[in-house]
Amino acid sequence: MGMTRTPRGRWVEEGLRALAAGGPEAVRIEPLAQALGVSKGGFYGYFGNRGALLAEMLDTWERAVTEDVIERVEAGGGDARARLDRLFELASTSEGPVLGTAADLAVRDWARRDEAVAERLRRVDNRRMDYLRSLFATFCADPGDVEVRCLLAFSLRIGMHFVAADQGPYSRAEVLLLTRKWLLR
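Below is a short write-up of the structure.

What counts, and at which threshold
Residues numbered from 1 in each chain as written. Predicted model: local features only at pLDDT ≥ 70, side-chain atom pairs only at ≥ 80, totals over all residues. Heavy atoms only, no water. Axes fitted to C-alpha atoms, helices over the stretch in contact; angles between N-to-C directions. Helix = DSSP H or I, 4+ residues; strand = E, 2+ residues; numbered from the N terminus. Parallel < 35°, antiparallel > 145°, perpendicular 65-115°, else oblique. Left-handed = near helix turned anticlockwise from the far one by under 90°. Contact = heavy atoms within 4.5 Å. 1 Å grid on protein atoms, 1.4 Å probe; cavity = no way out; pocket = protein on both sides within 12 Å on 5 of 7 lines; lining within 4 Å. Points joined across faces, edges and corners; volume = space filled by probe spheres on them. Nonpolar A, V, L, I, M, F, W, Y, C, P; charged D, E, K, R; others polar. Phe/Tyr/Trp six-rings, centres within 6.5 Å; stacked < 30°, edge-to-face > 60°. Buried < 20%, exposed > 50% of the residue type's maximum accessible area, 1.4 Å probe, protein only. Lys NZ or Arg CZ within 6 Å of the ring centre and 35° of its normal. Salt bridge = Lys/Arg side-chain N within 4 Å of Asp/Glu carboxyl O. Expected span 1.5 Å × (residues − 1). Bend = angle between axes of the 7 residues up to and from the residue. Polar contact = N/O pair within 3.5 Å; in protein donor to acceptor, adjacent residues only side chain to side chain. Core = buried A, V, L, I, M, F, W, Y, C linked by side-chain atoms within 4.5 Å.

## Quick notes on the packing of helix α4 (residues 50-75) against helix α5 (residues 80-93)
Item 1. Interaxial distance between α4 and α5 falls to 9 Å at its minimum, and their mutual angle equals 130°. Taken together, α4 and α5 sit at an angle that is classed as oblique. Considering how the two elements wind past one another, α4 and α5 form a crossing that is right-handed. For the pair α4 and α5, the contacting residues are V69, R72, V73 and E74 in the first and R83, R86, L87 and L90 in the second.

This is the structure we're talking about:
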């Protein structure tokens, strides 16, 4: 009876974990194999080289944070406010190596040093903003209002992890809920 191969997706997820922990330099075949508890030989059954893994990691991340998220939000139905509420909930509870904020922040950091990654990040961010615009525009008549809400919502998703300030008499969760209600008014 032969050994079970480590699924391709596990290599990609472990690569995204390494990226989040230490940047693209941390995505190395030997440490990934050790983290997965397998030999590195299995890696070459899926990927020709480290560059192929990095590309697939970015493909997986891009698809997960754009089209997969949009499909999940749309599948729930409802009006634009209900879909935005679902999107905000999903964004605030997403964890793991692909959808978690750590991967998003790591890709952003990587994009500062790699123009190809920066171009991909622009494409991803533009897709996310376009989706937000399509939803906010259904109940906001002013295009400026739509753009402000999109930028605030998107900036909150990315930037809240950098804010160390207290929220006065409120908890972080309470302020996020208040922000969500304000955006959906």
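## As for the layout of surface pockets
Item 1. Each pocket or cavity is described by its volume, and for the largest pocket that value is around 610 Å³.
Item 2. Contributing to the lining of the largest pocket are 26 residues, with L87, F88, A91, S92 and R157 lying nearest its centre.
Item 3. Sorting the residues of the lining of the largest pocket by element identifies α4, α5, α8 (115-136), α9 (143-159) and α10 (172-183) as the ones contributing at least two each.
Item 4. Here the residues of the lining of the largest pocket are counted per class, giving 18 nonpolar, five polar and three charged.

## With respect to the packing of aromatic side chains
Item 1. Enumeration over the complete set of coordinates arrives at five aromatic pairs.
Item 2. Pairing W11 with F43 gives two aromatic rings, centres 5.5 Å apart and planes at 70°, and the pair type is edge-to-face. One end of the pair, W11, is in helix α1 (residues 8-22); the other, F43, is in helix α3 (residues 43-46), with 32 residues separating them in the sequence.
Item 3. The exposure class assigned to F43 is buried, which follows from its relative accessible area of 0%.
Item 4. When the ring of F43 is compared with that of Y44, the centres are 5.0 Å apart and the planes differ by 85°; the resulting orientation is edge-to-face.
Item 5. Judged by relative accessible area, which is 45%, Y44 ranks as partly exposed.
Item 6. Among the aromatic residues, ring-to-ring pairing joins W11, F43, Y44, Y46 and F47 into one connected group.
Item 7. R5 extends its terminal NZ or CZ atom over the ring of Y46, reaching a point 4.1 Å from the ring centre.

## Things to note about the pattern of salt bridges
Item 1. According to the stated counting rule, one finds 21 salt bridges in the structure shown.
Item 2. Note that E62 and R120 form a salt bridge whose closest N and O atoms lie 2.9 Å from each other. Taken as a pair, E62 in helix α4 and R120 in helix α8 lie far apart in primary sequence, 58 residues in all. Here E62 and R120 have matching classes, each one buried.
Item 3. Across the salt bridge formed by D109 and R113, the nearest N and O atoms sit 3.2 Å from each other.
Item 4. Classification of D109 as partly exposed rests on a relative accessible area of 30%.
Item 5. The exposure class assigned to R113 is partly exposed, which follows from its relative accessible area of 46%.

## Observations concerning α4
Item 1. Helix length check: α4 (26 residues) gives 36 Å between terminal C-alpha atoms against 38 Å at 1.5 Å per residue, within 8%.
Item 2. At A64, α4 is bent by approximately 35°, the largest bend along its length.
Item 3. Between a side-chain oxygen at the N-terminus of α4 and the backbone nitrogen of G51 the separation is 3.0 Å; the capping residue is N49.
Item 4. Looking one or two residues past α4, G77 carries a phi angle of roughly 65°, positive in sign.

## Re the environment of G51
Item 1. Secondary-structure assignment places G51 in helix α4.
Item 2. Judged by its relative accessible area of 40%, G51 is partly exposed.
Item 3. Sequence separation between G51 and V27 is 24 residues; the distance between their C-alpha atoms is 9.9 Å.

## Some words on the nonpolar core
Item 1. With 53 residues, the main nonpolar core has L84, L132 and F136 as its most contacted residues.
Item 2. With near-sequence residues (within four places) excluded, F136 lies in contact with L84, F88, V146, R149, C150, A153 and L183.

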